[in-house]
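# Breakdown of the fold
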Amino acid sequence: MRILLKNGRVIDPSRRVDETLDVLVEEGRISGLDVSIPRSAAETVYDLAGLVVAPGFVDMHVHLREPGREDKETIETGGQAAAAGGFTSVACMANTHPVNDDQSVTDFIISQARRASPVNVYPIGAITKGLKGQELSEFGDLRARGCVGVSDDGEPVASGFVMRKALEYARMFDMPVLSHPEDPTLCNGGVMNEGFMSTFLGLKGLHAAAEEAMIFRDIRLAEMTGGRLHVLHVSTAGAVQLVREAKARGVRVTCEATPHHFTLTDEAVKGYDANTKMKPPLRSSEDRDAILRGVEDGTIDAIASDHAPHCSEEKQVEYDVAPFGIVGLETSVSLGLDRLVARGVVSLSRFVDLYSAAPARILGLKKGTLAPGADADITVFSQEKEIVVDPSRFRSKSRNTPFGGMKLRGAPLMAIVGGKVVHSAL
Amino acid sequence: MRLKSRHLLGIEPMSAEEITLILDAAESFSEISQREIKKVPTLRGKTVVNLFMEPSTRTRTSFELAEKRLSADSLNFAASASSLVKGETLIDTARNIEAMAPDFIVMRHSMAGAPHFLARHCRSSIINAGDGSHEHPTQALLDAFTIRQKKGRLAGLRVAIIGDILHSRVVRSNVFLLKKLGADVVLAAPPTLMPMGVEKFGVQATNAMDEALRGADVIMMLRIQMERQGKGYFPSVREYFNLFGLTEERARMAKPDAIIMHPGPINRGVEIASSVADGPYSVILDQVTNGVAVRMAVLYLLAGETSDENPAEERPGH
């Protein structure tokens, strides 16, 4: 079936395109872009005047919870949430039960995704068996079965020696090592950012230094090994600065930031709503501003949601005992459009890059482009549409978001995966 | 005038006027406790649940006595927070208690924010009897009442608070209250027990005990939990006492008429010398006495009675 997208503003940073064009999709691929393609060229025609047509968005950091915690999310519901949120591909972390440290788990994830997910699902394998931080997983097997990177996300790799070996060994497969940076010996039971707010609320703090100390270590290890390091969810001014300096020295390092870290601060913890509890924690306004500057100057390569679904009964508890993490797939794009584009932090073209080509590049995916012949993965969004975040309408199984009721300017409207419209709110 | 909220979750959200209202009401209730028949019918027919999820003797008995002297029906529900975490959740416990339709829930919990959580899910008035390292509002109120009783005022006094500032809910509530009522506050602790950003409270912070004591009208000592020893907070009780223990000699650095307070239970020889705790300037037992009156005042005001009528004029013994 052929689909024609007419009159949209096509933004494809991978090819420096930003103009009003018609896009023709044929047999799952982009078959042509032109100023005017006749309506008769396709069976289905969408008039997208006033909307932006972009390469399909990639969320390189999500937790789909399957296998093991299907009560929180499944590959199916997480995939639906991704599509509704404007994403056409996601990369899912290895901290499932069992852990994705073995090819059989990778096979399972990929087969479930083929069966049930409307979007592309790329598994991330574990760095260490069982996320225990001791023995490396079989990177070669994981790679061969479809893993696009390795990470113990959720747990830091405490041993510097193990991290060094992971960076060295992953080089052989050209896989990025995705680090969850947090020195566990500096955490001491912390549940929120350490600073005035933790003092004010009487909650135990997680200091920025715990994150920065491990980023410093990992950058030095990447430098010495030549391995490819990706720093997950940078959240502090110091973290951004460490990556900025490393990049200037030519270290192979990339990093991502989450929408909650570029939007909220630890002020949001007032009231003790456990939907403000995640790792890394919401930081100070200085840190938040530093994240925005890092996005602006390119230090931060990509935006990723760290979608971490939890059941409401798990979050409806005392702040100290609630699990870390919030859902993000269905708010990420609107937060980016509102906080980054509408407020002038980045151009629309750079925004599209942050959400599509950049994460695809980091993971080595052939995604993030509208070049003729490429997979027809397309995201359509409105820069102007105003929305109010309504968690009761999420496709995700979970509702743990601090953004309920927030008014945002900009919204994803359509997701096309391999030439198939998997979500439309037109 | 009435209190704005039907809960007492902390001092921080309260105005100076509300705090003064409670302190003034406590004066009347203090008088009741000196009568031969120490009971008024103010809360007759009201039910109070004392939900204590962390061990506490003095705060619980003080509340219990306050409730009994106001003729409320009170019952104690004790459970450890950790066993609740494993079994029934706080929200289910709260719903079960709610099903018995209490008017008040007095809650002590080892985790900050637990009473705020309860307040979102319950119809009863919640009184925070101490939540983790966050607040202990009735302690600060009874401390303020005691200071006012001894010094006649709070505004302009220099109050030195010394000890484990990091883990103390008593400090946070006291800092909020004392600043709202115009006192100057200085905090002293080793850097390992001083939380970040305390200057933002508008207080002075120091690591030198002598500096905190100089010119103090009030010395408030904090309990040191012995478990902190050897965990990186301080190397030994011996060294802690040498640096931050209140001795007679040190107490002389404060104003000659300075009063000495402690929220209890005291650790003799750890944070305070026996001769000081039992000395003439110690008001530690007055604090305990005043705790009952202050808690009666809190219950009375939260019950929403008009404050025009002096509760002490009600006939006792009914």
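Each value, and the rule that gives it
Residues numbered from 1 in each chain as written. Chains lettered and ligands numbered in written order. Predicted model: local features only at pLDDT ≥ 70, side-chain atom pairs only at ≥ 80, totals over all residues. Heavy atoms only, no water. Pairing = 2+ DSSP bridges. Helix = DSSP H or I, 4+ residues; strand = E, 2+ residues; numbered from the N terminus. Contact = heavy atoms within 4.5 Å. Axes fitted to C-alpha atoms, helices over the stretch in contact; angles between N-to-C directions. Salt bridge = Lys/Arg side-chain N within 4 Å of Asp/Glu carboxyl O. Buried < 20%, exposed > 50% of the residue type's maximum accessible area, 1.4 Å probe, protein only. Buried area = accessible area lost by both parts, 1.4 Å probe. Polar contact = N/O pair within 3.5 Å; in protein donor to acceptor, adjacent residues only side chain to side chain. Nonpolar A, V, L, I, M, F, W, Y, C, P; charged D, E, K, R; others polar. Parallel < 35°, antiparallel > 145°, perpendicular 65-115°, else oblique. Left-handed = near helix turned anticlockwise from the far one by under 90°. Core = buried A, V, L, I, M, F, W, Y, C linked by side-chain atoms within 4.5 Å. Phe/Tyr/Trp six-rings, centres within 6.5 Å; stacked < 30°, edge-to-face > 60°. pLDDT = per-residue confidence, 0-100. Right-handed = clockwise from strand over helix to strand, strands pointing away.

Here we take up the sheet that holds strand β15 (residues 302-303) of chain A. Residue and element names in this part refer to chain A. Taken together, the five strands give an open sheet; going across it, the order is β9-β10-β13-β14-β15, and neighbouring strands pair in parallel fashion. Unpaired on one side and paired on the other, β9 (150-151) and β15 mark the two borders of the sheet. Here strand β14 (residues 253-257) runs beside β15; their pairing, made up of two bridges, is parallel. Counted as the bridge partner of E256 is A302 from β15. Those strands touched by helix α6 (residues 208-225) are β10 (177-179), β13 (229-231) and β14, and its axis lies near 165° from that of β13.

Before going further, it helps to spend a moment on the pattern of salt bridges. Pairing between side chains of opposite charge can happen when their charged atoms approach one another. All told, the structure shown has 44 salt bridges over all chains when counted by the stated rule. Between R244(A) and D297(A) there is a salt bridge; the shortest N-O distance is 2.8 Å. A residue pair is termed long-range when its members are at least 10 positions apart, and R244(A) in helix α7 (residues 237-249) and D297(A) in helix α9 (residues 285-297) qualify at 53 residues. Note on D297(A): relative accessible area 43%, which makes it partly exposed. Between E54(B) and R108(B) there is a salt bridge; the shortest N-O distance is 3.6 Å. With a gap of 54 residues between them, E54(B) in the loop between β1 (47-52) and α2 (58-69) and R108(B) in strand β3 (residues 104-109) connect regions that are remote in the sequence. In this structure R108(B) comes out as buried when scored by relative accessible area, which is 5%.

So, about the interface of chain A and chain B. Facing 19 residues of chain A, the contacting portion of chain B comprises 25 residues. Note on chain A versus chain B: buried area summed over both sides is about 1,800 Å², and carbon and sulfur give 64% of it. Of all residues in chain A, the largest losses of buried area upon contact with chain B belong to F196(A), T199(A) and E318(A), amounting jointly to 34% of the total for that side. Across the contact surface, chain A and chain B share zero salt bridges. Our count for the chain A to chain B interface comes out at six residue pairs in polar contact (both at pLDDT 80 or more). Class assignment of the residues belonging to the side of chain A that touches chain B gives a composition of eight nonpolar, seven polar and four charged.

Residues and elements named next belong to chain B. Running from N to C, helix α4 (residues 90-98) and helix α5 (residues 114-121) cross one another at 50°; their axes reach a closest spacing of 10 Å. By the angle class used here, α4 and α5 are oblique. α5 is crossed by α4, and the crossing has right-handed handedness. Between α4 and α5, the residues in contact are L90, I91 and A94 and A114, F117, L118 and H121, respectively. When its residues are assigned to classes, the contact of α4 with α5 shows six nonpolar, one polar and no charged.

Where a protein is soluble and globular, its nonpolar side chains tend to be buried together. Ranked by size, the top nonpolar core spans 109 residues in total, and within it L141(B), I161(B), L187(B) and L246(B) carry the most contacts. Looking at which element gives the most residues to this core, the answer is helix α12 (residues 284-302) of chain B, with 11 residues. Discounting chain neighbours no more than four positions away, the residues touching L246(B) are M209(B), L213(B), I219(B), M221(B), F241(B), A251(B), I260(B), E271(B), I272(B), A273(B) and V276(B). Counting residues in each nonpolar core, the second largest holds 78 residues, with V177(A), L348(A), V352(A) and Y355(A) among its members.

Time to look at the packing of aromatic side chains. All names here are of chain A. For the structure shown, the criterion picks out 17 aromatic pairs over all chains. Taking 5.9 Å as the distance between ring centres and 80° as the angle between the ring planes, the aromatic pair formed by F57 and F351 counts as edge-to-face. In this pair, F57 sits in strand β6 (residues 57-62) while F351 sits in helix α12 (residues 348-355), placing the two residues 294 residues apart along the sequence. Each member of the pair, F57 together with F351, is buried. The interplanar angle of 45° and the centroid separation of 5.8 Å between the aromatic rings of F196 and F200 together place this pair among those described as tilted.

All names here are of chain B. This prediction gives chain B a mean pLDDT of 92; 94% of its residues lie at or above 70. Contacts from residues 306-318, a stretch scored under 50 in pLDDT, to residues over four places away or in other chains number 28 contacts. Predicted as a complex, the structure gets a pTM of 0.94 and an ipTM equal to 0.91.

With that settled, consider the pairing of strand β1 (residues 3-12) of chain A. Regular strands place side chains that alternate from one sheet face to the opposite one. Residues and elements named next belong to chain A. A large share of β1 lies buried, amounting to eight of its 10 residues. For β1 and strand β2 (residues 17-26), the ladder comprises eight bridges, and the chain directions are antiparallel. Of the residues in β2, the one forming a bridge with L5 is V23. Here β1 folds back onto β2, and the loop between the two strands holds four residues, one of which, R16, carries a positive phi near 55°. Sheet topology note: the β1/strand β4 (residues 44-47) ladder contains four bridges and is parallel. What sits directly across from I3, in β4, is T44.

Attention shifts here to unusual backbone geometry. Residues and elements named next belong to chain A. Across the junction of H97 and P98, the peptide omega takes the value 0°, indicating a cis bond. Omega for the peptide link from K279 to P280 comes to -15°, which places this bond in the cis form. Here P280 lies in the loop between α8 (259-263) and α9. A positive phi is found at R65, a non-glycine position, where the angle reads about 65°. Within the secondary structure, R65 sits in the loop between β6 and α1 (75-84). Phi angles above zero are rare outside glycine, and D306 is one such case at about 55°. Take D306: it is sitting in the loop between β15 and α10 (312-315).

Residue and element names in this part refer to chain B. Pairing in this open sheet of five strands is parallel, and the strands run β7-β6-β5-β8-β9 from one edge to the other. Every other strand in the sheet has two partners, leaving β7 (204-206) and β9 (259-261) as the edge strands with one partner each. Pairs of neighbouring strands in the sheet enclose a mean axial angle of 20°, with direction left out of account. With three bridges joining them, strand β6 (residues 184-188) and β7 adopt parallel strand pairing.

All names here are of chain B. The buried fraction of strand β5 (residues 158-162) amounts to four of the five residues, a majority that puts the element mostly inside the structure. Sheet topology places β5 next to β6; five bridges connect them, and they run parallel. Paired with V159 across the bridge in β6 is V185. The parallel pair β5 and β6 is bridged by helix α7 (residues 169-180), and the resulting crossover is right-handed. Pairing of β5 with strand β8 (residues 218-221) involves four bridges; the strand directions are parallel. Counted as the bridge partner of V159 is V218 from β8.

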